[in-house]
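In case you want the letters, here they are:
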Amino acid sequence: MSTPDLNLLVTLDVLLVEGSVARAARRLRLSPSAMSRALARLRETTGDPLLVRAGRGLVPTPRALELRERVGQLVEDAKAALRPAEKPDLKQLTRTFTLRTREGFAENFGLDLMARLREEAPGVRLRFVLKSDKDSTRLREGSIDLETGVVGGATGPEVRTQALFRDRFIGVVRMGHALSQGEITPARYADGKHICVSRRGLDRGPIDEALEPFGLKRDIVMIVGGFSTALALARASDLIASVPERYTGNLRAGMHSFAIPVSMLEVTISLLWHPRLDADPVHRWLRGCVREVCGAAG
């Protein structure tokens, strides 16, 4: 059985409301002959004459009367489905948003973001999950709403991205540490005992590459998977942690931070989401709130 032309529903709706081929033609901006041909197709499709001559006018058949209310509702539903999404009623929104981030993001931006969201939508909740890799599968699957991080080769090609802020790596030591006083030279920095942060367990990175032209090498005595771990260890010892500045602001409270004394490129922290959510008005609102909070903290 062939699929019927659904455009005929609009024509049928207007014909049943107007009860006149001429008036229906004017309303749909068609010629009377085009509307007559459309009525003929409707009669063939439904197997019913629908409108029959009665004197100078047309009257609906029982089938037409049966269809009139149903068709009208179908057309209204179709129009509603195809029109742009309406602005959501945020006060009535009840939803949990899941953000995948590295440690430090929730500690630095979570409270301000939660306050910003609940100011407009008191029924929302935030769920932060730890980002252990750059794979985009969870964005594709829809198990997370947003992700933050540095865009790289492992980022899915279809993923939408928008820069949030730029960050730089700094050195962090406990108060009273030798590096908390005096000029920090490349030699003084490299000479200390270091904690290396690497999710993959690597024992070198961009900092080590930047030290090579000086003929220097860090003495890495511990390798950990996260910034918060590195800072907790440095806070309780003479070890040096090297972490991104803005990402770890609150985590470094009560510690001494200093610029790493070698030239290094800044990194751009971006917001990532799947394109199927690009036009969703609630998701657009969420992205805007994250951008505002991260920008205000700059």
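Use the structure listed above.
A few points on the structure.

**Quick word on the nonpolar core**
Step number 1: Core analysis: the largest hydrophobic core is formed by 38 residues, its most contacted members being Leu93, Phe97, Leu113, Leu117, Trp285 and Val290.
Step number 2: In terms of residue count, helix H10 (residues 281–296) provides more of this core than any other element does, 7 residues in total.
Step number 3: Contact partners of Leu113, with chain neighbours within four places excluded, come to Leu99, Leu126, Cys289, Val290 and Val293.

**Quick notes on the pattern of salt bridges**
Step number 1: The full count for this structure, using the stated rule, is 19 salt bridges.
Step number 2: Its salt-bridge partner being Arg140, residue Glu158 comes within 2.6 Å of it at the nearest N-O pair. Remark: Arg140 occurs in helix H6 (residues 137–141) and Glu158 occurs in the loop between strand S5 (146–149) and strand S6 (160–167); sequence separation between them is 18 residues.
Step number 3: One salt bridge connects Arg287 with Asp278, and the closest N-O pair in it is separated by 3.7 Å.

**Notes on the side chain of Arg252**
Step number 1: When you line up the elements, Arg252 lands in the loop between strand S10 (240–244) and strand S11 (255–259).
Step number 2: The side chain of Arg252 sits in the buried core without any salt bridge; Glu245 is the nearest counter-charge, 4.9 Å away.
Step number 3: In terms of polar contacts, Arg252 uses its side chain to reach the backbone carbonyl oxygen of Glu245, at 2.9 Å.
Step number 4: For Arg252, the contacting residues outside a window of four places in its chain are Ile170, Val172, Leu231, Arg235, Val243, Glu245 and Ser257.

**Regarding the packing of aromatic side chains**
Remark: the centre distance and the inter-plane angle together describe each pair of aromatic rings, the angle taken between the planes.
Step number 1: Scanning the model with the defined rule gives 9 aromatic pairs in all.
Step number 2: Ring centres of Phe105 and Phe128 lie 6.4 Å apart, and the angle between their planes is 50°; this geometry places the pair in the tilted category. Placement of Phe105 in helix H5 (residues 105–120) and of Phe128 in strand S4 (residues 124–130) is noted, with a sequence separation of 23 residues between them.
Step number 3: Exposure remark for Phe105: the relative accessible area of 1% places this residue in the buried category.
Step number 4: Classification of Phe128 by relative accessible area gives partly exposed; the value is 29%.

Conventions and cut-offs
- Residues numbered from 1 in each chain as written.
- Predicted model: local features only at pLDDT ≥ 70, side-chain atom pairs only at ≥ 80, totals over all residues.
- Heavy atoms only, no water.
- Core = buried A, V, L, I, M, F, W, Y, C linked by side-chain atoms within 4.5 Å.
- Buried < 20%, exposed > 50% of the residue type's maximum accessible area, 1.4 Å probe, protein only.
- Helix = DSSP H or I, 4+ residues; strand = E, 2+ residues; numbered from the N terminus.
- Contact = heavy atoms within 4.5 Å.
- Salt bridge = Lys/Arg side-chain N within 4 Å of Asp/Glu carboxyl O.
- Lys, Arg positive; Asp, Glu negative; His and termini not counted.
- Polar contact = N/O pair within 3.5 Å; in protein donor to acceptor, adjacent residues only side chain to side chain.
- Phe/Tyr/Trp six-rings, centres within 6.5 Å; stacked < 30°, edge-to-face > 60°.

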